[in-house]
Amino acid sequence: MFNVTVVNLTADARHAAIHSGPCPLGQLSADELVGLLQTFAEIDPVENNDADPEIRVEQRRQRFVIRTAQKKLFLHNPRDLNEPAYVVSAREIIEELDGTAAARRTPPPFAYPTDAAQASGGSAFPQEIAPTPLPGPRSRPIGLIALVFVLAGYVAYAELTRHREGQAPALTPLTATELAAEEPALTGAYMTGAEPGQHGIVVLGSGKLELFQVNARGGPGTVHGTYQLGRKDGGLRLATDQPGGMIAVSSRDTLEFCGETYKRVRGR
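Notes on the structure in this doc start here. The structure presented is a predicted model; accordingly, all values stated were derived computationally and were not measured.

**Some thoughts on the overall build of the protein chain**
Along its length, the protein chain carries seven helices and 17 strands. Counting only residues that meet the buried cut, the protein chain has 35% of its 268 residues in that class. Contacts spanning at least 24 positions in sequence make up 49% of the contacts within the protein chain whose residues lie at least 6 apart. Accessible area for the protein chain stands at about 15,400 Å²; split by element, carbon and sulfur atoms hold 56% of it.

Printed below as a string of structure tokens:
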């Protein structure tokens, strides 16, 4: 049995519920949890973006947070914020929680021949198994190393761009009335594309945002940041605490950042 809590989500995981907070569902069986996760993956993308719902699952000492996007499930380890999220199926989440996946990733060091093998002339001594790549969401060291280099290059490019531009003029803050009108209209997700290597920006509102990269395997590499909304040279800008300068608002559906164009991700 698994101890399950939904956050900003209805108990059946069919709809997001903004600001509803945590709602404990109690103990669920593996099949019940799989059904809940599969329903969660089908949630309306607009509701998902607005409410940022999640499912928290605990079993013994294992704790995981599950989020969804583009009908995929992303598994997070809340005890290690530096560990990336992984794209997994509902059944793979169960295997992570009950230890099945960990056991599969740790094979016995020796294989002992059966009586039939010995009778057919096989060696009576144990044969060492050559290590082989194992399936599972966490056996991706090459991909993680590649992500480190990609993000490092992205930051280096951003720093170079900032130095080339020199000291940027001060941002003119918006009035309270302007902020109340402009910020809700900008809140949402924007992407350069959906293919691996593409980038995204999520404007969460209240001065918070996320920058992420789409990965071929595993969840997106995400950086959390803050912003101040204002104007520069007559245009709307988001001044962030991240390298790369300001994010320019070209239109309600288009952002410009580090030489890339981000288009708003629309729901169904």
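**Points about the nonpolar core**
Within the largest apolar cluster, 27 residues are counted, with the highest numbers of intra-cluster contacts made by Leu33, Leu36, Leu37, Ile55, Ile66, Leu73 and Ile93. Among the secondary structure elements, those contributing two or more residues to this core are strand S1 (2-7), helix H1 (30-41), strand S3 (54-59), strand S4 (62-69), strand S5 (72-76), strand S6 (86-88) and helix H3 (90-98). For this core, the element with the most residues is H1, which contributes six residues. In contact with Ile93, other than residues within four places in its own chain, are Leu37, Ile66, Leu73, Leu75 and Val88.

**Overview of the pairing of S5**
Taken together, the five bridges between S4 and S5 define a ladder with antiparallel strand orientation. Pairing of Val65 across the sheet is with His76, part of S5. Hairpin connection from S4 to S5: two residues lie between these consecutive antiparallel strands, with Gln70 at a positive phi of about 55°. Taken together, the three bridges between S5 and S6 define a ladder with antiparallel strand orientation. Bridge assignment links Leu75 to a residue of S6, and that residue is Tyr86.

**Notes on the sheet that holds S1**
Read from one edge to the other, the open sheet built from six strands follows the order S2-S1-S3-S4-S5-S6, with strand pairing classed as antiparallel. Of all strands in the sheet, those bounded by a partner on one side alone are strand S2 (22-28) and S6. Averaged over all pairs of adjacent strands, the angle between strand axes in this sheet comes to 30°, irrespective of strand direction. The strands touched by H1 within the sheet are S1, S2, S3, S4 and S5, with S2 carrying the most contacts at an inclination of about 145°. Of the strands in this sheet, S1, S3, S4, S5 and S6 touch H3, which is tilted by about 165° from S4.

**Some points on the packing of H1 against H3**
At their nearest, the axes of H1 and H3 sit 9 Å apart, and the two run at 135° to each other. Taken together, the axes of H1 and H3 lie oblique to each other. The interaxial crossing formed by H1 with H3 has right-handed handedness. Packed against H1, whose contacting residues are Ala30, Asp31, Leu33, Val34, Leu37 and Gln38, the element H3 presents Ala90, Arg91, Ile93, Ile94 and Leu97 at the interface. By residue class, the composition of the contact of H1 with H3 is eight nonpolar, one polar and two charged.

Rules used throughout
Residues numbered from 1 in each chain as written. Predicted model: local features only at pLDDT ≥ 70, side-chain atom pairs only at ≥ 80, totals over all residues. Heavy atoms only, no water. Helix = DSSP H or I, 4+ residues; strand = E, 2+ residues; numbered from the N terminus. Buried < 20%, exposed > 50% of the residue type's maximum accessible area, 1.4 Å probe, protein only. Contact = heavy atoms within 4.5 Å. Areas by Shrake-Rupley, 256 points an atom, 1.4 Å probe, with all protein chains shown as cover. Core = buried A, V, L, I, M, F, W, Y, C linked by side-chain atoms within 4.5 Å. Pairing = 2+ DSSP bridges. Axes fitted to C-alpha atoms, helices over the stretch in contact; angles between N-to-C directions. Parallel < 35°, antiparallel > 145°, perpendicular 65-115°, else oblique. Left-handed = near helix turned anticlockwise from the far one by under 90°. Nonpolar A, V, L, I, M, F, W, Y, C, P; charged D, E, K, R; others polar.

In short, shape yes, function no, at least from these values alone.
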